[in-house]
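# Fold and contact review
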Amino acid sequence: MDESGNPTKEVFYPVLVKMDKHHFGVVSRIFKRSHDDKLSQLLPSLTYGDEVAVKYGENVLNYKGSENPIKHLTIVASGVGIVPVLDIIKRILGDSDYEIEGCELLWINDSEEDFIFNKEVEKLEHLYPDQFSCARVLDHAVTDKDSILDARVENALPLSEPGRVALVAAPHTVSQKFKPVLDALVYPPQNVISIPVH
């Protein structure tokens, strides 16, 4: 709530431990867009047992392509894009109702400190060795708008094939850099889903 008692609107990326229609969600970490938002000001004043009401935005991937069913998912994540990607991967791999047989993650950042969820990703690699793989790439060109991505990036992604869709969860400048990479790997534009992150 703001000073007038009205709900505030913030952009942040929670990492859910558990959330379904029968239970409260337990958030393990929150990544904020900036350090001067209302949520940042609220967190230090909370004590053990305090509750915060959170209303999530739309939690649906807007896929308009022709691949049906989707069997394989190629994922590119950069920056805080890893947060929604982790939730998607956990949901896909942990639910037998999904027809997706596997996913490959290219996790690219421009500094080692940005690989903040490496333990969680390693756990998924260990739990689902036949369904999930992750290539971690450190490339300083990823955030430099005038630089070209290293050629190894293209080699880390699989070619498009029937039943395969690509998902890019990254800041806009990074997503733009991957457009020609996915074009070269013959991904039709309608088979590329974008999750914009700040």
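Attention here is on the structure that accompanies the text.

What counts, and at which threshold
Residues numbered from 1 in each chain as written. Predicted model: local features only at pLDDT ≥ 70, side-chain atom pairs only at ≥ 80, totals over all residues. Heavy atoms only, no water. Helix = DSSP H or I, 4+ residues; strand = E, 2+ residues; numbered from the N terminus. Contact = heavy atoms within 4.5 Å. Salt bridge = Lys/Arg side-chain N within 4 Å of Asp/Glu carboxyl O. Buried < 20%, exposed > 50% of the residue type's maximum accessible area, 1.4 Å probe, protein only. Pairing = 2+ DSSP bridges. Axes fitted to C-alpha atoms, helices over the stretch in contact; angles between N-to-C directions. Core = buried A, V, L, I, M, F, W, Y, C linked by side-chain atoms within 4.5 Å. Disulfide = S-S within 2.5 Å. Parallel < 35°, antiparallel > 145°, perpendicular 65-115°, else oblique. Left-handed = near helix turned anticlockwise from the far one by under 90°. Nonpolar A, V, L, I, M, F, W, Y, C, P; charged D, E, K, R; others polar. Right-handed = clockwise from strand over helix to strand, strands pointing away.

### Section: the side chain of Asp 139
Mapped onto the elements, Asp 139 comes out in the loop between β5 (132-138) and α4 (151-155). Not counting chain neighbours up to four residues away, the residues in contact with Asp 139 comprise Ile 108, Asn 109, Asp 110, Leu 149, Asp 150 and Val 153.

### Overview of the pattern of salt bridges
The full count for this structure, using the stated rule, is six salt bridges. A salt bridge links Glu 99 to Lys 71; the nearest nitrogen and oxygen atoms lie 3.9 Å apart. Pair noted here: Glu 99 is in the loop between α2 (82-93) and β4 (102-109) and Lys 71 is in the loop between α1 (38-42) and β3 (72-77), with a separation of 28 residues, a long-range link. Assessed through its relative accessible area of 27%, Lys 71 is described here as partly exposed. Look at the salt bridges and you will find they share partners, linking Lys 71, Glu 99 and Glu 101 into a network.

### Regarding the sheet that holds β4
Spatially, β5-β4-β3-β6-β7 is the arrangement adopted by the five strands of the open sheet, whose pairing is parallel. The strands lining the two open edges of the sheet, one partner per strand, are β5 and β7 (192-196). Each strand axis lies, on average, 15° off the axis of its neighbour in the sheet, ignoring direction. Where β3 lies against strand β6 (residues 164-170), six bridges are found, and the strand directions are parallel. Across the sheet, His 72 pairs through a bridge with Arg 164, a residue of β6. Sheet contacts for helix α5 (residues 172-184): β3, β4, β6 and β7; angle to β6, the most-contacted strand, approximately 155°.

### Some details on the nonpolar core
The biggest cluster of nonpolar side chains holds 29 residues, and the ones touching the most others in it are Ile 75, Ile 82, Val 85, Ile 89, Leu 105, Trp 107 and Phe 132. Listed by contribution, the elements that provide at least two residues to this core are β3, α2, β4, α3 (118-127), β5, β6 and β7. Excluding anything up to four places from it in sequence, Ile 75 contacts Val 85, Ile 89, Cys 103, Glu 104, Leu 105, Leu 106 and Leu 167. In terms of nonpolar packing, the next biggest core, distinct from the first, is built from 17 residues, Val 76, Val 153, Val 168 and Leu 182 among them.

### Here we look at the side chain of Asn 191
Considering the arrangement of structural elements, one finds Asn 191 in the loop between α5 and β7. Given the relative accessible area of 2%, Asn 191 is considered buried. Apart from the residues lying within four places of it in its own chain, the contact partners of Asn 191 are Tyr 63, Gly 65, Ser 66, Glu 67, Arg 164, Val 165 and Ala 166.

### Remarks on the state of the cysteines
Put plainly, a disulfide is one covalent bond tying together the sulfur atoms of two cysteines. In the structure shown here, the tally under the stated rule is zero disulfides. No disulfide involves Cys 103; its sulfur sits 9.8 Å from the nearest other cysteine sulfur, which is in Cys 134. Note on Cys 134: relative accessible area 13%, which makes it buried.

### Description of the packing of α2 against α3
Put simply, α2 and α3 touch, their axes get as near as 11 Å, and they point 25° apart. In terms of axis orientation, α2 runs roughly parallel to α3. In this structure, α2 meets α3 at a crossing whose hand is left-handed. Of α3, the residues touching α2 (which contributes Ile 82, Leu 86, Ile 89 and Lys 90) are Glu 120, Val 121 and Leu 124. Classifying every residue of the contact of α2 with α3 by side-chain character gives five nonpolar, no polar and two charged.

### Here's the deal with the pairing of β7
A regular strand places its side chains so that they alternate between the two faces of the sheet. Side chains Ile 193 and Ile 195 of β7 all project onto a buried face; the interleaved residues Val 192, Ser 194 and Pro 196 project onto a face where none is buried. Sheet topology places β6 next to β7; five bridges connect them, and they run parallel. Bridge pairing links Ala 169 to Ile 195 in β7. The parallel pair β6 and β7, bridged by α5, forms a crossover whose chirality is right-handed.

### Overview of unusual backbone geometry
Here Val 186, not a glycine, exhibits a phi torsion of approximately 65°, which is positive. With respect to the secondary-structure elements, Val 186 resides in the loop between α5 and β7. When its relative accessible area of 56% is taken as the criterion, Val 186 is described as exposed.

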